[in-house]
Amino acid sequence: MAVDPLPSFPPGFLWGASTSAHQIEGAAHLRGQSVWDVFEARPGAIRDGSTAAVACDSFHRHREDVALLAGLGVNAYRFSVSWPRAGSPGGLEYYERLVDDLLAAGVRPVPTLFHWELPAGLDWLERDTAARFADHVERVAARLGDRVSTWITLNEPAEHTILGHALGVHAPGRTLMFDALPAAHHQLLAHGLAVRALRAAGATDVGIAASHSPTWPLSAREEDVAAAEFYDVLMNRTFSDPLLLGRYPDGLAELMPGDVDADLETVSERLDFYGVNYYAPSLVGAPTGENSAYGTLDVPAGIPFSLHEIEGRPKTHFGWPVVPEGLTETLTGLRGRYGDRLPPVVITENGCSYPGLDDQDRIAFLDSHLRALHRAIEEGVDVRGWFVWSLLDNYEWNEGYEQRFGLVHVDFDSPERTRTPKASYAWLRDVLRAQP
Ligand code: FCB
């Protein structure tokens, strides 16, 4: 446990916890199917063979979640609105109840409008999906817009494209490699249309949650540096350049479908904040021709880089290295690249998976990352908030229930999905109490 108190964060700072619909809600029988339900039924797709049909059962137990948030002392909660649920009878009413209960508890609702649960039958390779998303956003905003001011359009279009459409380890389980790029373009277009729809509905605080991983070359050798640059473009800049600069990195626009120049005007609609999800840096070298490991993800041979373990660092249960200064580097790097085009930043996800209730390793992780975040603020980055991933242990996509990211333990064997705060919950509560 750290002994020095954490530094003070700016007044008005958003302190939040994050979750997503598919990972916590359960009650799958009360909503339409998503691409994840279809994917989970594939033999071998999910490491522990589980599904998210019940998950944390937050659909029936959201009041417990709200009470946990209030007890933690956060002033914001990032959850997602499931697109298939929002389109099912009773779906929007559920989110209304959640929002009303959050507001009554003094917690700002921060809904994400797409966190990977695409309705089954829709496809990001189709341009029309972007327009369909804008319709979904309009419907949700019409229902909640009188009570919600802060919105997030998409969660991590990079992971959804690469893991879901290029490598096939996430839903919809496609292995298109570089032919997956149109799925990125259509999500970015969907984002821009959503920003416009939200503003038309009166929203004043609109952002996106983008993953960022600072990319370190394995060595100073030319081929390692080139491979790292390629990876950085693919994972980070394919998404942040169009959003913040209105253009794709060199050579990419040609690979995208449609009238790309016209679309980029939509994609780069001004944002009120830029959400950053940070977990770890990536150490990248020239291709070795072998599978390489990033945590538990195997990268197939035949792609123009290889991923390497960052040695000499503690690792989370997922195998991800603990590198707090990578968060400082991410933020100063974004400011350096985008300058005044970078809106105020909110850390929309940051956290780690570890088993156990006395999770001292999670406390050490969060403590060191909050200090690293503060360093970025001292270096002049305008950071307005930090959301921990996650409030609850939940359904960690293709990892099933094996990776526990929560400040609160969930007993997935109990019918009640019993929630038990971990040591890190008490620690963060005390940190927040000590903030101005
Ligand atoms: C992010 C996802 C989130 C969660 C964390 C661990 O990529 O946005 O849903 O799975 O990783």
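So, here is what we can say about the structure in this document. Since the model is a prediction, treat every value here as computed from it, not as a measurement.

Attention now moves to the overall build of the chain. Helices and strands together make up the secondary structure of the chain, namely 13 helices and 15 strands. Whereas a compact globule of 436 residues would reach a radius of gyration of roughly 22 Å, the chain reaches 20 Å, a difference of no more than 12%. With the C-alpha coordinates of the chain rotated into their principal frame, the extents come out at 55 × 50 × 45 Å. The buried share of the chain, reckoned over its 436 residues, is 62%. In the chain, the 36 positive side-chain charges and the 60 negative ones have mean positions that sit 5 Å from each other.

Around the ligand lies a shell formed by Q23, H115, W116, N155, E156, Y279, E349, W389, E396, W397 and F405. Contacts to the ligand include N155, whose side-chain N or O atom sits 2.9 Å from an oxygen atom. Interatomic distance of 2.9 Å between a side-chain N/O atom of E349 and an oxygen atom of the ligand. For the ligand, whose unbound accessible area comes to 300 Å², protein coverage reaches 95%.

What follows concerns the nonpolar core. Within the largest apolar cluster, 117 residues are counted, with the highest numbers of intra-cluster contacts made by F133, Y274, L331, L373 and W386. Looking at this core, the element that brings in the most residues is helix 8 (residues 181–200), giving ten residues. Look past the residues within four positions of L331 in its chain and what remains in contact with it is V276, V345, I347, L373, A376, V381 and V383.

This next bit is on unusual backbone geometry. In this model, A171 is joined to P172 through a cis peptide bond whose omega is 5°. Checked against the element boundaries, P172 lands in the loop between helix 7 (157–166) and helix 8. In this chain, W389 is followed by S390 through a cis amide linkage whose omega measures 15°. Summarising the element assignment, S390 is placed in the loop between strand 13 (383–389) and strand 14 (408–410). Unusually for a residue other than glycine, W116 sits at a positive phi of about 85°. Here W116 falls in the buried class, since its relative accessible area comes to 4%. Non-glycine residue W397 carries a positive phi angle of around 50°.

Right, let's get into the packing of helix 3 (residues 58–72) against helix 5 (residues 91–104). Contact pair helix 3 / helix 5: the axes reach a minimum separation of 10 Å and the direction vectors enclose 15°. The orientation of helix 3 with respect to helix 5, classified from their angle, is roughly parallel. Of the two elements, helix 3 crosses helix 5, and the hand of that crossing is right-handed. From helix 3, S58, F59, H62, R63, V66 and L69 reach across to helix 5, where they touch Y94, R97, L98, D101 and L102.

Two aromatic rings are characterised by how far apart their centres lie and by the angle between their planes. Per the counting criterion, the structure on display carries 26 aromatic pairs. Three or more aromatic residues link up through ring pairs in this structure, and these residues are F9, F13, W15 and W386.

This paragraph deals with helix 5. Between its terminal C-alpha atoms helix 5 stretches 20 Å, which fits the 20 Å expected from 14 residues at 1.5 Å a residue. Of all the residues in helix 5, the buried ones are G91, L92, Y94, Y95, E96, L98, V99, D101 and L102. For helix 5, the elements touching its buried residues are helix 1 (21–24), helix 3, strand 2 (76–80), helix 4 (83–86), strand 3 (108–114) and helix 6 (128–144). Just downstream of helix 5 lies G106, where phi reads positive at about 75°.

Along the chain, E25 falls in the loop between helix 1 and helix 2 (35–40). For E25, a relative accessible area of 3% puts it in the buried group. Excluding anything up to four places from it in sequence, E25 contacts V54, A55, D57, S58, F59, S80, S82, R85, Y94 and Y95.

Pairing within the open sheet is mixed, and its three strands lie in the order 6-8-11. One side of each edge strand has no neighbouring strand; the edge strands of this open sheet are strand 6 (215–217) and strand 11 (306–308). Across the sheet, the axes of successive neighbouring strands diverge by a mean angle of 45°, strand direction being ignored. Inspection of the sheet shows strand 8 (residues 282–285) paired to strand 11 by three bridges, in the antiparallel sense. Bridge pairing in strand 11 places V284 opposite L307. Taken strand by strand, helix 9 (residues 222–245) contacts strand 6, strand 8 and strand 11, and its axis lies near 170° from that of strand 6.

Thresholds, definitions, all that
- Residues numbered from 1 in each chain as written.
- Predicted model: local features only at pLDDT ≥ 70, side-chain atom pairs only at ≥ 80, totals over all residues.
- Heavy atoms only, no water.
- Helix = DSSP H or I, 4+ residues; strand = E, 2+ residues; numbered from the N terminus.
- Rg over C-alpha atoms; globule rule 2.2 N^0.38 Å.
- Buried < 20%, exposed > 50% of the residue type's maximum accessible area, 1.4 Å probe, protein only.
- Lys, Arg positive; Asp, Glu negative; His and termini not counted.
- Charge placed at Lys NZ, Arg CZ, Asp CG, Glu CD.
- Near = heavy atom within 4 Å.
- Polar contact = N/O pair within 3.5 Å; in protein donor to acceptor, adjacent residues only side chain to side chain.
- Areas by Shrake-Rupley, 256 points an atom, 1.4 Å probe, with all protein chains shown as cover.
- Core = buried A, V, L, I, M, F, W, Y, C linked by side-chain atoms within 4.5 Å.
- Contact = heavy atoms within 4.5 Å.
- Axes fitted to C-alpha atoms, helices over the stretch in contact; angles between N-to-C directions.
- Parallel < 35°, antiparallel > 145°, perpendicular 65-115°, else oblique.
- Left-handed = near helix turned anticlockwise from the far one by under 90°.
- Phe/Tyr/Trp six-rings, centres within 6.5 Å; stacked < 30°, edge-to-face > 60°.
- Expected span 1.5 Å × (residues − 1).
- Pairing = 2+ DSSP bridges.

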